[in-house]
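Commentary on secondary and tertiary structure
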Amino acid sequence: DQSKLTNLGNALEIHGPKLLGRAYKDPITSFRLFQKFTVEHPEAYWEIALKEISVVFREAPKCILDRTDKSKHGGTWLPGSVLNIAECCLLPSNHRRKEDNTVAIVWREDRCDESAVNLMTYKELREQVMLVANALDTMFSKGDAIAIDMPMTVRAVIIYLAIILAGYVVVSIADSFAAREIATRLRVSKAKGIFTQDFILRGGRKFPLYSKVLGAAPLKAIVLPAIGNDVGIPLREQDLSWKDFLSSVDYHPRPNYYSPVYNPVDAVVNILFSSGTTGEPKAIPWTQLSSIRCTAEGWAHIDLKVGDVYCWPTNLGWVMGPVILFSSFLNGATLALYQGSPLERSFGKFVQDAGVTVLGTVPSLVKAWRNTNCLEGLDWTKIRSFASTGETSNVDDDLWLSSKAWYNAIIESCGGTELSSAYIQGSLLQPQAFGAFSTATMTAGLVILDECGVPYPDDQPCVGEVGLFPLYLGASDRLLNADHEEVYFRGMPMYKGMCLRRHGDIIKRTVGGYIIVQGRADDTMNLGGIKTSSVEIERVCDQADESILETAAISVSPAGGGPEVLVIFVVLKKGFTSQPDKLKMIFSKAIQSKLNPLFKVSLVKVVPEFPRTASNKLLRRVLRDQIKHELSVRSRI
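Residues numbered from 1 in each chain as written. Predicted model: local features only at pLDDT ≥ 70, side-chain atom pairs only at ≥ 80, totals over all residues. Heavy atoms only, no water.

The name given to the protein in an unreviewed UniProt entry is AMP-dependent synthetase/ligase domain-containing protein, and the organism recorded there is Citrus sinensis.

With mixed pairing, the seven strands of this open sheet are ordered in space as 12-11-8-6-7-14-15. At either margin of the open sheet sits one strand with a lone partner, and together these are strand 12 (240-241) and strand 15 (283-287). Examined bridge by bridge, strand 6 (residues 145-149) and strand 8 (residues 193-197) share four bridges and lie parallel to one another. By the bridge assignment, Ile148 is partnered in strand 8 with Phe195. (Pairing = 2+ DSSP bridges. Helix = DSSP H or I, 4+ residues; strand = E, 2+ residues; numbered from the N terminus.)

Using the criterion set out here, one finds two cavities of 30 Å³ or more in the structure. As a volume, the largest cavity reaches approximately 40 Å³. Thr6, Asn7, Leu8, Gly9, Ala300, His301, Asp303, Ser427, Leu428 and Leu429 are the residues that line the largest cavity. No other element matches the three residues that helix 1 (residues 7-20) contributes to the lining of the largest cavity. The class makeup of the residues in the lining of the largest cavity is four nonpolar, five polar and one charged. Two domains each provide a minimum of three residues to the lining of the largest cavity, namely domain 1 (1-30) and domain 2 (31-91 + 287-518). Lining the second largest cavity are Leu8, Ala11, Leu12, His15, Phe34, Tyr45 and Ile48. Broken down by secondary-structure element, the contributors of at least two residues to the lining of the second largest cavity are helix 1 and helix 3 (42-52). The element that contributes the greatest number of residues to the lining of the second largest cavity is helix 1, accounting for four residues. Residues belonging to the lining of the second largest cavity are distributed by class as follows: six nonpolar, one polar and no charged. Counting contributing residues, the lining of the second largest cavity receives three or more from each of domain 1 (1-30) and domain 2 (31-91 + 287-518). (1 Å grid on protein atoms, 1.4 Å probe; cavity = no way out; pocket = protein on both sides within 12 Å on 5 of 7 lines; lining within 4 Å. Points joined across faces, edges and corners; volume = space filled by probe spheres on them. Nonpolar A, V, L, I, M, F, W, Y, C, P; charged D, E, K, R; others polar. Domains from an automatic or database assignment.)

It is worth spelling out the sheet that holds strand 32 (residues 565-572) at this point. The strand order across the open sheet built from three strands is 31-32-33, with neighbouring strands paired in mixed fashion. Every interior strand has two partners, whereas the edge strands, strand 31 (548-556) and strand 33 (601-606), have only one. Along the sheet, successive strands turn relative to each other by an average axial angle of 25°, direction set aside. By the bridge criterion, eight bridges tie strand 31 to strand 32 in an arrangement that is antiparallel. Across the sheet, residue Glu550 finds its bridge partner in strand 32, namely Val571. Of the strands in this sheet, strand 31 and strand 32 touch helix 16 (residues 534-542), which is tilted by about 145° from strand 31. (Axes fitted to C-alpha atoms, helices over the stretch in contact; angles between N-to-C directions. Contact = heavy atoms within 4.5 Å.)

This part covers helix 18 (residues 620-636). One full turn of an α-helix is made of 3.6 residues, so residues set three or four places apart face in the same direction. For helix 18, which comprises 17 residues, the first-to-last C-alpha distance of 25 Å matches the rise-based estimate of 24 Å (1.5 Å per residue) to within 8%. Arg620, Leu623, Arg624, Ile627 and Leu631 are the residues of helix 18 that are buried. Angular distribution of buried residues about the axis of helix 18 spans 100°; they occupy a single face of the element. In helix 18, the exposed positions that point more than 90 degrees away from the buried face belong to His629 and Arg636. Tucked into the core, helix 18 has its buried residues touching helix 16, strand 31, strand 32 and strand 33. (Expected span 1.5 Å × (residues − 1). Buried < 20%, exposed > 50% of the residue type's maximum accessible area, 1.4 Å probe, protein only. Arc of directions from axis to C-beta.)

The UniProt record annotates "transmembrane region" (unreviewed entry) at residues 157-179. The span residues 157-179 is 43% helical and 17% strand by assignment, and the distance between its end C-alpha atoms comes to 23 Å. (UniProt positions renumbered as here; feature names shortened; annotations may be inferred.)

Applying the stated criterion to the full structure yields 23 salt bridges. Ionic pairing is found between Lys142 and Asp137, a salt bridge with its closest N-O pair at 2.8 Å. The class for Lys142 is partly exposed, based on a relative accessible area of 46%. With its nearest N and O atoms 2.7 Å apart, the salt bridge here joins Lys349 to Asp353. With Lys349 and Asp353 both in helix 12 (residues 345-353) and four residues apart, the pair spans about one turn of that helix. Through salt bridges with shared partners, one network takes in Asp303, Lys305, Asp308 and Arg384. (Salt bridge = Lys/Arg side-chain N within 4 Å of Asp/Glu carboxyl O.)

See below:
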């Protein structure tokens, strides 16, 4: 009965008998069959999904998918359609019961625990967005790229939507970047201006942001105050305060009304960047199709509805920022924003007070909450499901998190900026296993390749690199600073007449059909002629001793050549000490008993913290370079 109340379950009850015929039983029994059907007949699925989300076309598509242009691996989706996806976010929708007085955003400032949460309706949001859109037209030309480098505040969301509504392109930059990284992204995107803040507030402290932007480029900056209405630092002559920027429309007869700029569905609305784990970040153009894709997954897999309050601590500089923005507004949910650090109890209290019903996390955040016990005494029982992405989950941490809300499910998501979505995920129509993915997403086809690039049978437990089917609405078809064909397709095998798309994950399919991500293809190691993944070894080592906070496993060839040796980097819990030689024995015993008796730990290094990207992804290549240098120095002594 519950399954039929989910978005996808309800759709299956309506359309399942027609699409699957007599094979259809109910949403749970027929889930796998329906997912496979959506891969083989994506047009039928998208015809359903597009009617379920708040997407209104100015000019309707001629068809769902045009496969005639063989030069396009991914086909041409919704050809001929014209719309403005920001307008779709802001307009009322009868089907989704999204009305003018529906709450669009709830938020709270940093450490204002005792204050009531702030509310903004869709009507108020629309008027604020249109005001900013009018101000943009006073200083930019249509099609200009405009950067946002600031925390994901209410004003940042308003600016993001206004840029798209007015026919410009957002350049997403994470607020944690140094000046050099900001400069790279501004250069690649050819941005004409940037929105930023004077400071970032975190845990009651102020961190400079405008000064980093000054060191990045001589672009015009519009600077917002972190506190109050006035910027707290002097600005360059060419720059504007937020107050002065808005005053540019004082003369306007209707400053809160704006006629949207309509563009083809494949027009670029956002330039995002990969996390840079393998070198210079790839500049990935997001089109209006990308917004539709991530919204549909919020509908089908996260089960977002009108009345839900959706919170996921992130930033517009990372893919999850735009994902939760579009997923909330186009599904009629309320977006919940905490304008401070998610590591502190204040964030947990906001989740409680805002009545969050769907909470997204990253595993390192859950680990921090658990280790500090900062959520003790808070009521999170309004949460009906969790979501997790960004890195490999810890099963014990997930069990602890789930216990905070009646042991409700944690929907794991794994995808990429270039896919605008997840390719494997969980579903409320299937039993969920902590740290695992229960299904490929709707319309996403994949195979697991052996070492020769040959796909394993679909029902066989196996480990290998994933190959994605190329017909994928919303996936990238270009890069601004790299050869898209070279990055994603060249060298990939053909399968059933199509060239598979490269993603780079090593995944494991279990006996029960669940999927576990074992790291990236470049994280694979060869120990004594046996291939294994860093993630698999780290899972064992993380649980080997009570002193362990986290581990990172890498393999390197000795300076003089020979087989790869296994090195474990360790971060200890606060208050614990442990000798590397003792940990080496503990790790070796655990790995040999739980993974392979032939694996041997050669070296253990205890470090205060791991190098990570700004999106918290572990930079194993930095650790690998560090240990290579150390072994090289040792060999010369």
